[in-house]
Amino acid sequence: MHLFEGDQGECLKADIISTVEFNHTGELLATGDKGGRVVIFQREQESKNQPHRRGEYNVYSTFQSHEPEFDYLKSLEIEEKINKIRWLPQQNAAYFLLSTNDKTVKLWKVSERGRRPEGYNLKDDDGRIRDPSTITMLRVPVLQPMDLMVEATPRRVFSNAHTYHINSISVNSDYETYMSADDLRINLWNLEITNRSFNIVDIKPANMEELTEVITAAEFHPNQCNTFVYSSSKGTIRLCDMRAAALCDKHSKFFEEPEDPSNRSFFSEIISSISDVKFSHSGRYMMTRDYLTVKVWDLNMESRPLETYQVHDYLRSKLCSLYENDCIFDKFECVWNGSDSVIMTGSYNNFFRMFDRNTKRDVTLEASRENSKPRAILKPRKVCVGGKRRKDEISVDSLDFSKKILHSAWHPTENIIAVAATNNLYIFQDKVN
Amino acid sequence: MLNAMECAVDAQSLISISLRKIHNSRTQRGGIKLHKNLLVSYVLRNARQLYMSEKYAEIYRMQQYEEVMTVCNEIQELNPLEEEVMEPASPCPSATQAVAAAEATVEELAKDPSVGTFYRSCCCAAASTNEPEEDLEEYPLNSCDFSPPACTRTTVLDLDTHVVTTVENGCLHQDCCPCQSAGSLAPAPPRKRKPDFGYDAPELPDFAPCKRARFEDFSAAVASSTVTAATESPEPSNISNLISIFGSGFTGLVSRQADTEQSLNGQFCSKQALASLGAWTRAIVAF
């Protein structure tokens, strides 16, 4: 199991972080918050002078992605909270990402400006127009170096396509299209075209009284551009093939684990609702997160998951209280490491859990500044379920349920993780001896 | 943090907590969250099923007690020296008397807060015990409190055989019900009781938009304990708004359950009750 050292905690003084995502190389890390802002961190180049400062992440760009809006027709305020950020693969010097709130997806271009043209003929260097009569000779403007400036510009705005709240966006492996999913529908977009989208999934019943489930997450397959999955509030996952039909209401595969009747309770439906679904990097597996467990599925086996990991089963007897304080509705995300051998997900009390699929070992770690100094090794934590509490253990009743880790990300190739704890971002790296 | 919380595991508290969540979601920033409200409605349904199964069990016990009392009274009646005691279930030949008896029942049972709510809007049919083969007189149980613009079904209760059946009469208004000719039903005026979980009652009328929230025919299987006879799947009747549900305590959540037999065993959730879920979803959407 890996030992992790705490890097300098990047503390955002602003709002609660609502999404975290590495780009495809891991050089950039984007976070979105409830205030509609996006903050991008960039990894430092490794320097020989300071080998122990192995590529720390520093703020690269900050911009306001979404603003609060008001839907006058329905008298509804549209939150500016960023629900998801997804990077596009890099094709030139600029970086592109998609960010979405409840209703609108935006494509942002983040580019550097390190040089500026100087020596214009018709205007001064500070921009003032020169009197043409004063011009006696012509010169060719040249690019001179300047202080690095990173600017973010909105290149596309994809709006007015969702009646319900957008919960997911996913870029297709063809790098031309992407999909956006709300509670009842999934739309397919071309990245270049903003005034049209195709509806590929629609589970809205003719009579809303018959509504029994909603879409909770959706993702494209990492290499098959025709395949995607979407999860539902009933704990099922549907895999769809866009080659089969224009409207993918009929699934190609249906993944569901039969319910254990002995675990039945008032809240069975809530805790079986899937909050996140992620394909493995290989594309062979997918992982789903519901309230108490993480499950790994083999795409070739629909009847039951391959592996089930208990995240915090000690909460099963506390579901009623968690229902009262709304914690039972928390949507935890889950992530794969680069080699698909370890999976990670968050919990309460700023705990997050890692499960090694090969050794079947798991560890609970805590993201908090009190408990870990920079460059210290994270100590594994343990929750005491009952009986005698040992010295370092924490009892279930002393867990802080206001401190929850819903969003996290794992570097695509290295053992670097980013963990969002409310309004703080923690970045942990593998310890190098 | 969990210690300090009082956890209300009983069905009634869960129902009130859930309704409060639905109410609060209307004023939440960002609009109503469909997913969360759907999940809350599942909890509501589960709690309601348990609540109903407990109520049925209780009513069944009460009915059995009444039957015993009736038999005792009949024995007493044979003795002319004994004072005649009018019991709610004693035979009444005329419809009006039946209604009076029914209302007496309602009044009496209303005193018992745990049971009375069930009878609030039901009218009891009294069949003559002297002629057990006589066809039961049917009186419609209607959601009269809520002035439904259309009712396509009425549910009738035979107190004698405890059979609940649904009659499709296709009438558009309760006044048009042919059954009504059997006697004036004197529907109870819409009573908005102060809900027992702390809502501001004056605020609630804002709830009543033009869109109606549709719920189960709550008055249906109210008094029936032998719900095996009630095999129809629940049909939504038209109830104007969520306030009425609040106001009527939990009668609004009553519905015929074909699977109550299972519920009585403590398994309080079945797949067929999904149809009933729709009513709550519509309530959510109606917001």
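Residues numbered from 1 in each chain as written. Chains lettered and ligands numbered in written order. Predicted model: local features only at pLDDT ≥ 70, side-chain atom pairs only at ≥ 80, totals over all residues. Heavy atoms only, no water.

Draft legend 1. Looking closely at the overall build of chain A. Looking only at helices and strands, chain A features two helices and 33 strands. Taking all 433 residues of chain A together, 54% fall into the buried category. (Helix = DSSP H or I, 4+ residues; strand = E, 2+ residues; numbered from the N terminus. Buried < 20%, exposed > 50% of the residue type's maximum accessible area, 1.4 Å probe, protein only.)

Draft legend 2. The arrangement of the overall build of chain B in detail. The helix and strand inventory of chain B stands at seven helices and five strands. Scanning chain B from its N terminus toward the C terminus, one meets helices and strands in the order α-α-α-α-β-β-β-β-β-α-α-α. Taken over 287 residues, chain B has a buried fraction of 52%. Considering only residue pairs separated by 6 or more positions, chain B has 69% of its internal contacts joining residues 24 or more positions apart. Per element, the accessible surface of chain B, about 13000 Å² overall, is 54% carbon and sulfur. (Contact = heavy atoms within 4.5 Å. Areas by Shrake-Rupley, 256 points an atom, 1.4 Å probe, with all protein chains shown as cover.)

Draft legend 3. Region of the structure containing the confidence of the model for chain B. Residue and element names in this part refer to chain B. With 24% of its residues at a pLDDT of 70 or more, chain B shows a mean pLDDT of 52. A low-confidence stretch, residues 156–160 (pLDDT under 50), is modelled with 24 contacts involving residues beyond four sequence positions or located in other chains. Segment residues 169–287 is flagged for pLDDT under 50; beyond a separation of four residues in sequence, or across chains, it makes 271 contacts in the model. In the predicted assembly, ipTM is 0.88 and pTM is 0.68. (pLDDT = per-residue confidence, 0-100.)

Draft legend 4. Up close: helix 1 (residues 11–25) of chain B. Spanning 15 residues, helix 1 of chain B covers 21 Å between terminal C-alpha atoms, matching the ideal 21 Å at 1.5 Å per step. Those residues of helix 1 of chain B lying buried are Ala11(B), Ser13(B), Leu14(B), Ile15(B), Ser16(B), Ile17(B), Ser18(B), Leu19(B), Lys21(B), Ile22(B), His23(B) and Ser25(B). (Expected span 1.5 Å × (residues − 1).)

Draft legend 5. Representation of the pairing of strand 19 (residues 237–241) of chain A. Residue and element names in this part refer to chain A. Burial of strand 19 is extensive: five of the five residues sit out of reach of the surface. By the alternation rule, side chains of strand 19 split into Ile237, Leu239 and Asp241 and Arg238 and Cys240, which are all buried. Judged from the five bridges that link them, strand 18 (residues 227–232) and strand 19 form a sheet pairing that is antiparallel. Note that in strand 19 the partner of tyrosine 230 across the bridge is arginine 238. Counting the residues that bridge the hairpin from strand 18 to strand 19 gives four residues, and of these glycine 235 lies at a positive phi of roughly 85°. Of the strand pairs in this sheet, strand 19 and strand 20 (residues 253–255) are connected by three bridges, and their pairing is antiparallel. (Pairing = 2+ DSSP bridges.)

Draft legend 6. Structural view of the sheet that holds strand 21 (residues 276–279) of chain A. Residues and elements named next belong to chain A. With antiparallel pairing, four strands are arranged side by side in an open sheet as 21-22-23-24. Among the strands making up the open sheet, the edge pair consists of strand 21 and strand 24 (307–310). Direction aside, neighbouring strands of the sheet carry axes that sit 15° apart on average. Taken together, the four bridges between strand 21 and strand 22 (residues 285–289) define a ladder with antiparallel strand orientation. For lysine 278, the partnering residue across the bridge sits in strand 22 and is methionine 287. (Axes fitted to C-alpha atoms, helices over the stretch in contact; angles between N-to-C directions.)

Draft legend 7. Region of the structure containing the packing of aromatic side chains. Residue and element names in this part refer to chain A. Enumeration according to the criterion identifies 19 aromatic pairs over all chains in this entry. Judged by centre distance (6.0 Å) and plane angle (75°), the rings of phenylalanine 220 and phenylalanine 228 are edge-to-face. For lysine 123, the ring lying beneath its charged end belongs to tyrosine 120, and the centroid distance is 4.8 Å. Across from the ring centre of tyrosine 285, 4.7 Å away, lies the NZ or CZ of arginine 357, which sits over that ring. (Phe/Tyr/Trp six-rings, centres within 6.5 Å; stacked < 30°, edge-to-face > 60°. Lys NZ or Arg CZ within 6 Å of the ring centre and 35° of its normal.)

Draft legend 8. Here's a closer look at the sheet that holds strand 14 (residues 177–181) of chain A. Residues and elements named next belong to chain A. The strand order across the open sheet built from four strands is 13-14-15-16, with neighbouring strands paired in antiparallel fashion. The outermost strands of the open sheet, each flanked by one partner alone, are strand 13 (168–171) and strand 16 (198–202). Strand after strand, the sheet turns through a mean of 20° between neighbouring axes, direction not considered. Relative to strand 15 (residues 185–190), strand 14 runs antiparallel, the two sharing five bridges. Considered in strand 15, the bridge of methionine 179 is made with leucine 188.

Draft legend 9. The packing of helix 1 of chain B against helix 2 (residues 34–77) of chain B, seen in detail. Residues and elements named next belong to chain B. Closest axis-to-axis distance for the helix 1/helix 2 pair is 9 Å, and the angle between their directions is 155°. Accordingly, the angle class assigned to the pair helix 1 and helix 2 is roughly antiparallel. Between helix 1 and helix 2 lies a crossing of left-handed hand. Where helix 1 approaches helix 2, its residues Ala11, Gln12, Leu14, Ile15, Ser18, Leu19, Lys21, Ile22 and Ser25 are matched on the opposing element by Asn37, Val40, Val43, Leu44, Ala47, Arg48, Leu50 and Tyr51. (Parallel < 35°, antiparallel > 145°, perpendicular 65-115°, else oblique. Left-handed = near helix turned anticlockwise from the far one by under 90°.)

Draft legend 10. Summary view of the nonpolar core. Core analysis: the largest hydrophobic core is formed by 39 residues, its most contacted members being Phe267(A), Tyr291(A), Leu315(A), Tyr323(A) and Ile328(A). Of all the elements in the fold, those that place two or more residues in this core are helix 1 (268–272) and helix 2 (319–324) of chain A together with helix 1 and helix 2 of chain B. For this core, the element with the highest residue contribution is helix 2 of chain B, accounting for nine residues. Ignoring sequence-local partners within four residues, the contact set of Leu315(A) consists of Tyr291(A), Leu292(A), Leu322(A), Tyr348(A), Val396(A) and Phe401(A). Among the nonpolar cores identified, the runner-up in size contains 16 residues, and Met344(A), Met354(A), Leu365(A) and Trp410(A) belong to it. (Core = buried A, V, L, I, M, F, W, Y, C linked by side-chain atoms within 4.5 Å.)

Draft legend 11. Geometry of unusual backbone geometry. All names here are of chain A. A positive phi angle, near 65°, is found at lysine 360, a position not held by glycine. Residue placement: lysine 360 occurs in the loop between strand 27 (351–356) and strand 28 (362–366). Despite not being glycine, threonine 422 shows a phi value in the positive range, around 55°. Relative to the helices and strands, threonine 422 is located in the loop between strand 32 (416–421) and strand 33 (424–430).

Draft legend 12. The arrangement of the environment of Ser197(A) in detail. Residue and element names in this part refer to chain A. Relative to the elements of secondary structure, serine 197 occurs in the loop between strand 15 and strand 16. Overall, the relative accessible area of 27% leaves serine 197 in the partly exposed class. Through-space distance from the C-alpha of serine 197 to that of serine 159 is 9.8 Å; in sequence the pair is 38 residues apart.

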